[in-house]
Amino acid sequence: MIIKNASLETVCGYTSKLPKNTKPEIAFAGKSNVGKSSLINALMNRKALARTSGQPGKTQTINFYNINDELYLTDLPGYGFAKVSQKEKEKWGTMIENYLNSSEQLRAVFLLVDIRHEPSANDKIMYEWMVYQGFHPIIIATKADKVKRSQLQKQLKVIRLGLNTEKGAILIPFSAETKQGREEIWNLVDQILAS
Ligand code: GTP
Ligand code: MG
């Protein structure tokens, strides 16, 4: 994919109506701070179009990035963010589930997990829920620059085991620092759009 244009087109809070987009959407989910917004910036070749932060809970809305008027990359709020109230968590959870459930243009979901850690209980619940909904989530192991090359395969195995991934599930190590995995992700998105 050659990025000619990228812009933040729609921002949805939990009281907003979801947009009725006419172009395909690709969504990125994962716990707070895992690197969703950083991945989207890397895909768009932008440094800070999607706002990122070392503090979890940065993205609190569903943000639709229009790419070349061809597709949308959807940046979701992170789950598992400890500092918000239970009520707030439920609202975000409902918002994310409602979007993943009801978008008519959603063509694929990517689930991001941190390559350094075993998937959390919330990661497992999210993955199971996505599979239950009929998605075949593509898993991205983020922050791959943080592990030694020699540890990479082992960590990927930990993630597969932890999530109990479907047979044939795609798992891609990615780094927003080195851009490792970027081409692979775009190739997949291109394939998805063409199918
Ligand atoms: P929320 O919006 O809070 O859900 O977080 P997010 O998943 O969008 O994470 P974000 O992209 O804001 O990144 C969180 C922190 O991790 C930031 O400090 C990023 O710089 C850092 N980060 C993200 N990706 C990478 C990566 O590939 N490598 C390294 N070393 N740091 C990363
Ligand atoms: Mg974010």
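See the structure shown above.
Overview of the structure. Please read these numbers as outputs of a predicted model, since none were measured by experiment. (Residues numbered from 1 in each chain as written. Chains lettered and ligands numbered in written order. Predicted model: local features only at pLDDT ≥ 70, side-chain atom pairs only at ≥ 80, totals over all residues. Heavy atoms only, no water.)

1. Observations concerning the overall build of the protein
Then, number 1: Secondary structure assignment for the protein yields five helices and seven strands.
Then, number 2: In terms of overall size, the protein behaves like a compact globule, its C-alpha atoms giving a radius of gyration of 16 Å where 195 residues would be expected to give roughly 16 Å.
Then, number 3: Expressed as a percentage of the 195 residues in the protein, the buried residues total 48%.
Then, number 4: By sequence separation, contacts in the protein at least 24 residues apart represent 73% of the contacts at least 6 residues apart.
Then, number 5: Surface summary for the protein: the accessible area is close to 10,300 Å², and the carbon and sulfur share equals 47%.
Then, number 6: Both charge centroids of the protein, one from 27 positive and one from 19 negative side chains, sit 5 Å from each other. (Helix = DSSP H or I, 4+ residues; strand = E, 2+ residues; numbered from the N terminus. Rg over C-alpha atoms; globule rule 2.2 N^0.38 Å. Buried < 20%, exposed > 50% of the residue type's maximum accessible area, 1.4 Å probe, protein only. Contact = heavy atoms within 4.5 Å. Areas by Shrake-Rupley, 256 points an atom, 1.4 Å probe, with all protein chains shown as cover. Lys, Arg positive; Asp, Glu negative; His and termini not counted. Charge placed at Lys NZ, Arg CZ, Asp CG, Glu CD.)

2. Focus on helix H2 (residues 86-102)
Then, number 1: Here H2 contains 17 residues, and its C-alpha end-to-end distance of 24 Å stays within 8% of the 24 Å for a straight helix at 1.5 Å per residue.
Then, number 2: All of the buried residues along H2 are Trp92, Met95, Ile96, Tyr99 and Leu100. The buried residues of H2 occupy an angular sector of 125 degrees when projected down its axis, which confines them to one face. Residues of H2 that are exposed and angled more than 90 degrees away from the buried face: Gln86, Lys87 and Thr94.
Then, number 3: For H2, the elements touching its buried residues are strand E1 (6-12), strand E2 (25-30), strand E3 (62-67), strand E4 (71-75), strand E5 (106-114) and helix H3 (121-132). (Expected span 1.5 Å × (residues − 1). Arc of directions from axis to C-beta.)

3. Some words on the coordination of the magnesium ion (ligand 2)
Then, number 1: Ligation of the magnesium ion (ligand 2) by protein atoms is provided by Ser37 (OG) and Thr59 (OG1), these donors lying 2.0 to 2.2 Å from the ion. Here serine 37, found in helix H1 (residues 36-44), pairs with threonine 59, found in the loop between H1 and E3; they are 22 residues apart in sequence, far enough to count as distant. In this structure, serine 37 and threonine 59 share a single accessibility class: buried. (Donors = N, O, S within 2.8 Å, 3.2 Å for Na, K, Ca; no water.)

4. Considering the site of ligand 1
Then, number 1: Around ligand 1, a shell composed of 22 residues is seen, among which Lys36, Ser38, Gly57, Asp145 and Ala176 lie nearest.
Then, number 2: Backbone polar atom of glycine 78 to an oxygen atom of ligand 1: 3.2 Å apart, as the coordinates give it.
Then, number 3: Relative to its unbound accessible surface of 660 Å², ligand 1 loses 87% to contact with the protein.
Then, number 4: Per-class residue counts for the shell around ligand 1 are three nonpolar, 12 polar and seven charged. (Near = heavy atom within 4 Å. Polar contact = N/O pair within 3.5 Å; in protein donor to acceptor, adjacent residues only side chain to side chain. Nonpolar A, V, L, I, M, F, W, Y, C, P; charged D, E, K, R; others polar.)

5. Re the nonpolar core
Then, number 1: Formed by 35 residues in total, the largest nonpolar core has its most connected members in Leu100, Met126 and Met130.
Then, number 2: Contact partners of methionine 130, with chain neighbours within four places excluded, come to Ala29, Leu100, Val109, Leu111, Phe135 and Pro137.
Then, number 3: Judged by nonpolar contacts, the second largest core, of 27 residues, contains Val34, Ala42, Leu71 and Ala108. (Core = buried A, V, L, I, M, F, W, Y, C linked by side-chain atoms within 4.5 Å.)

6. Points about the sheet that holds strand E6 (residues 138-142)
Then, number 1: In space, the seven strands of this open sheet follow the order E1-E3-E4-E2-E5-E6-E7, with mixed pairing throughout. Each end of this open sheet is capped by a strand with a single partner; those strands are E1 and strand E7 (171-173). The average angle at which neighbouring strand axes cross in this sheet is 25 degrees, direction not considered.
Then, number 2: With four bridges joining them, E2 and E4 adopt parallel strand pairing. Each residue of the ladder has a partner; that of alanine 27, found in E4, is threonine 74. (Pairing = 2+ DSSP bridges. Axes fitted to C-alpha atoms, helices over the stretch in contact; angles between N-to-C directions.)

7. Regarding the packing of H2 against H3
Then, number 1: For the pair H2 and H3, interaxial distance at closest approach is 11 Å and the crossing angle is 25 degrees. In this view, H2 runs roughly parallel relative to H3, as classed from their interaxial angle. Where H2 crosses over H3, the handedness of that crossing is right-handed. On H3, the residues that touch Ile96, Glu97, Leu100 and Asn101 of H2 are Met126, Trp129 and Met130.
Then, number 2: Per-class residue counts for the contact of H2 with H3 are five nonpolar, one polar and one charged. (Parallel < 35°, antiparallel > 145°, perpendicular 65-115°, else oblique. Left-handed = near helix turned anticlockwise from the far one by under 90°.)

8. Details of the packing of H1 against helix H5 (residues 182-194)
Then, number 1: It is the contact of H1 with H5, at a shortest axis distance of 10 Å, that shows an interaxial angle of 80 degrees. Relative to H5, H1 is oriented roughly perpendicular. For the pair H1 and H5, the contacting residues are Leu39, Ala42 and Leu43 in the first and Arg182, Ile185 and Trp186 in the second.

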